[in-house]
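# Structure at a glance
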Amino acid sequence: MSAIADIVIVSLLLLGAGFALIGSWGLVRLPTTMERLHGPTKATTLGLGALLIASVVYFQTRLGIWTAHELLISLFLFITAPISANMIAKVHLHRARTGAANEPIGIAGPPPRPGEKGDWATFEAPKRETPASTANS
C-alpha cells in the first residue's frame, strides 16, 4: 500500500508543479492583461489543487490524520481566483474604453467593439428607459 501511495503522491506533485509552472510562465510571457489572466486563474489554480490533494493523501497515508487546512485553502482559492480575475478584467475593459490602456496588440487581437445598440457591461450608467433608472424615481 505504501508504494501505491508514494506513486499517487509523486504523480500529484509532478502534475501540480507542472500546472503551476505553466501558469506562471503564461503570466510572465503573455503580452496583454486579458491574456495574462488565464495563467493564474486556470493553470495555477489546477496546479495548487493537485498539490493540496497530494498533501491530503500524504498526511492520511503517512500519519493517519485528516486535516482541514488543505480543504480550506482550496475553498479560499476557488472562491477568490474567479472574483479577482473578474475585477482585473473589468478594470482593463474600463481602461480600454477610456483610452488609458497602453498595451500592445495581443495574440488574440484587439477586443471587438460591441454592437451599435449595446455597450460593455462595465461602469455604464443606466439609461432612462431601463427598469433600474425608473425604480429610483
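Residues numbered from 1 in each chain as written. Predicted model: local features only at pLDDT ≥ 70, side-chain atom pairs only at ≥ 80, totals over all residues. Heavy atoms only, no water.

## Here we look at helix H3 (residues 38-63)
Between its first and last C-alpha, H3 extends 36 Å over 26 residues, near the 38 Å set by a 1.5 Å rise per residue. Within H3, the axis deviates most sharply at Thr44, by approximately 35°. Regarding H3, the residues found buried are Gly39, Thr41, Ala43, Thr44, Thr45, Gly47, Gly49, Ala50, Leu52, Ala54, Ser55 and Val56. Packed against the buried residues of H3 are helix H1 (2-29), helix H2 (33-36) and helix H4 (69-98). Looking one or two residues beyond H3, the residue adopting positive phi is Gly64, at roughly 75°. (Helix = DSSP H or I, 4+ residues; strand = E, 2+ residues; numbered from the N terminus. Expected span 1.5 Å × (residues − 1). Bend = angle between axes of the 7 residues up to and from the residue. Buried < 20%, exposed > 50% of the residue type's maximum accessible area, 1.4 Å probe, protein only. Contact = heavy atoms within 4.5 Å.)

## Concerning H1
Taking 1.5 Å of rise per residue, the 28 residues of H1 would be expected to cover 40 Å, and the 40 Å separating its terminal C-alpha atoms lies within 8% of that figure. Taken together, the buried positions of H1 are Ala5, Ile9, Leu12, Gly16, Ala20, Gly23 and Gly26. Tucked inside the fold, the buried residues of H1 contact H2 and H3.

## Some remarks on the UniProt feature "transmembrane region" (unreviewed entry) in the chain
Annotation from UniProt places "transmembrane region" (unreviewed entry) at residues 6-28, 40-59 and 71-89. Here residues 6-28 is 100% helix and 0% strand, with 33 Å between the C-alpha atoms at its ends. Helix makes up 100% of residues 40-59 and strand 0%. Its end C-alpha atoms lie 27 Å apart. (UniProt positions renumbered as here; feature names shortened; annotations may be inferred.)

## As for the packing of H3 against H4
Axis separation between H3 and H4 bottoms out at 10 Å; the angle between their running directions is 175°. Taken together, H3 and H4 sit at an angle that is classed as roughly antiparallel. Each of Thr41, Thr45, Leu48, Leu52, Ser55, Val56 and Phe59 in H3 lies in contact with H4, whose residues at this interface are Glu70, Ile73, Ser74, Leu77, Phe78, Ala81 and Ala85. Grouping the amino acids of the contact of H3 with H4 by side-chain chemistry returns 9 nonpolar, 4 polar and 1 charged. (Axes fitted to C-alpha atoms, helices over the stretch in contact; angles between N-to-C directions. Parallel < 35°, antiparallel > 145°, perpendicular 65-115°, else oblique. Nonpolar A, V, L, I, M, F, W, Y, C, P; charged D, E, K, R; others polar.)

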